[in-house]
Structures are given as C-alpha cells and as structure tokens.
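Geometric and topological summary
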Amino acid sequence: MRKNIIAGNWKMNTTLCEGLELAKGLNEALQGKTPKCDVIIGTPFTHLASVVAAIDTNKIGVAAQNCADKEKGAYTGEVSAAMVASTGAKYVILGHSERRAYYHETPEILKTKVILALANGLTPIFCIGEVLEEREAGKHFDVVDEQIKSSLFDLSREDFSKIVIAYEPVWAIGTGKTASADQAQEIHTHIRQTIASKYEQSIADNCSILYGGSMNAGNVKELVSKPDVDGGLIGGASLSVENFLPIVEAF
Ligand code: PEP
C-alpha cells in the first residue's frame, strides 16, 4: 500500500552550518520515535553529502531540490542526477512551480529530468499544480492532467510506480492560503483517477500523492485525514524543528 510521507523543501535557505544544525536537530528530535510516515528533507545541493553523513538516513531521507536535464559534460553550474545520487540522497524534487516559473522548466525538460533521476536510482517527488487564474476559471483538473501526462505518461508501469506526486496549488505556496481539505481531496482523487486511466488501479492506489501549500502544524491533521492525501511537501514550516516536527507527528 502507498506510504504516508512528510517532505520538507528548504528551498534556497540555510548556510551549510545552519542546515547541518537543522538536520541534526530533527534527527535528535526523532530519536526513540517511530513516525507513522516517511520523513524527507530537501536541502540545497551544497548540503546533501554532509547532511547524509550527519543523520540516521533510515529515519530521515534526503532529497535534492532539482537535478540537471543532461547526463554530464560541459554544462557549467549544473548538478547531475548521478552527482545527487553519489551524495547518498535518495530523492529529488522535480517540477516545483518555482522552477517552472523562474527557470522556465518545460514539461519536456522535466520529462528528461525524471528519466535521469530514475536511471540513477533517485525517487522523483514530482510537483504539479495550477495558478490562481486557472483555479478560478475551473481549469485546475485539466492543468494537473496535462502536467502529469506531458512529463510522466511515457514512463513504463514499473518506472511510474516509483514516482511520488506532490499537488501544490501555486496560489497556496508561501502565501498562508491553504487549499481546504475538501479541495485537496477532490483533486487528489482526480489525479489518482487520471493515473488509473493510463496505468491501472493498483498503480494509482499505490501512488503517494502529497499536498503542498502553506501546510503547517495547525492544518496538517485535517488535510491528511482525507483518504487521498498521503502527506505533505512543506516549505516554510520545514525550516525549524519546532514547526516541522508536529507536522511529522500528525499521522
Ligand atoms: C513548497 O514550496 O513546496 C511549499 C509548499 O511551500 P510552503 O509550505 O511555504 O507554502
């Protein structure tokens, strides 16, 4: 059956020293506890290897927030999926709305990144979600369908079954506005149906679909009480143990 997952996305926050302190703090806070969900932290590239070495990776998985759409070579400043994997990170966040909007990541580019991530043994946490105008125009179902189809639906059954989806309505990211639990459930069910129509019901049933967008200790319980909401991708509230731990413990 599908896993419950709480994943932090630190974005471009924390120096190496601060990041290590945060990771170690979370690691300590989880000692002697058995969370009822997988816990992941998405750190900047520069922190990955040090964070992996500093924590119990059986308890906390480590994610990169991006990887290159090229295997290797003359691509100054890029970080390949193989490089990410070589740090001991097991996950990579791909298709975050900030990458789509600010770095012009197209569905084609994301498709290549997903393939390279999988080829290097990384689990993609693939982000989808509509902007406010699309939600207001009632197009959110079509938008997420298109995002899934264009980047993921050429994958084999076996490869698709390794993907984690994060539904993140762009209007809820970093804004303090959260989708209601009913809105999240409605679109997560829809996403699951879309997956079932391409692959099969068991693959859809086994796919973890996370909600992201201003999730915090106050709203997490209601959101994850919905049957199709399998956890969260957390931005702002993942930047302190004090805010992140109660989210992990909501299950
Ligand atoms: C995110 O960017 O993935 C996110 C969900 O951010 P926040 O929790 O800050 O809205």
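Residues numbered from 1 in each chain as written. Predicted model: local features only at pLDDT ≥ 70, side-chain atom pairs only at ≥ 80, totals over all residues. Heavy atoms only, no water.

**A look at the site of the ligand**
- Taken together, 14 residues lie near the ligand, and Lys-11, His-96, Glu-168, Gly-174 and Ser-214 sit nearest.
- Take His-96: an N or O atom from its side chain is 2.7 Å from an oxygen atom of the ligand.
- Starting from 290 Å² of accessible surface for the ligand in isolation, the protein chains cover 95%.
- Tallied by class, the residues present in the shell around the ligand amount to 4 nonpolar, 8 polar and 2 charged. (Near = heavy atom within 4 Å. Polar contact = N/O pair within 3.5 Å; in protein donor to acceptor, adjacent residues only side chain to side chain. Areas by Shrake-Rupley, 256 points an atom, 1.4 Å probe, with all protein chains shown as cover. Nonpolar A, V, L, I, M, F, W, Y, C, P; charged D, E, K, R; others polar.)

**So, the packing of aromatic side chains**
- Applying the stated rule across the entire model yields 4 aromatic pairs.
- Relative to Tyr-199, the ring of Phe-160 has its centre 4.6 Å away and its plane inclined at 20 degrees; by these criteria the two rings are stacked. Of this pair, Phe-160 sits in helix H8 (residues 157-160) while Tyr-199 sits in the loop between helix H9 (181-198) and helix H10 (201-206), placing them 39 residues apart in sequence. In this structure, Phe-160 and Tyr-199 share a single accessibility class: buried.
- By the ring-pair criterion, three or more aromatic residues cluster together here, those being Phe-153, Phe-160 and Tyr-199.
- The ring of Tyr-199 carries Lys-198 above its face, with NZ or CZ at 5.8 Å from the centroid. (Phe/Tyr/Trp six-rings, centres within 6.5 Å; stacked < 30°, edge-to-face > 60°. Helix = DSSP H or I, 4+ residues; strand = E, 2+ residues; numbered from the N terminus. Buried < 20%, exposed > 50% of the residue type's maximum accessible area, 1.4 Å probe, protein only. Lys NZ or Arg CZ within 6 Å of the ring centre and 35° of its normal.)

**Overview of the pattern of salt bridges**
- Applying the stated criterion across every chain, the model contains 15 salt bridges.
- Residue Glu-105 pairs with Arg-99 through a salt bridge whose shortest N-O separation is 2.9 Å.
- On the basis of relative accessible area, Glu-105 is assigned to the buried category, the value being 7%.
- The partner of Asp-159 in a salt bridge is Lys-162, and the shortest N-O contact between them spans 3.3 Å.
- Taking relative accessible area as the criterion, Lys-162 reaches 39% and is therefore assigned partly exposed. (Salt bridge = Lys/Arg side-chain N within 4 Å of Asp/Glu carboxyl O.)

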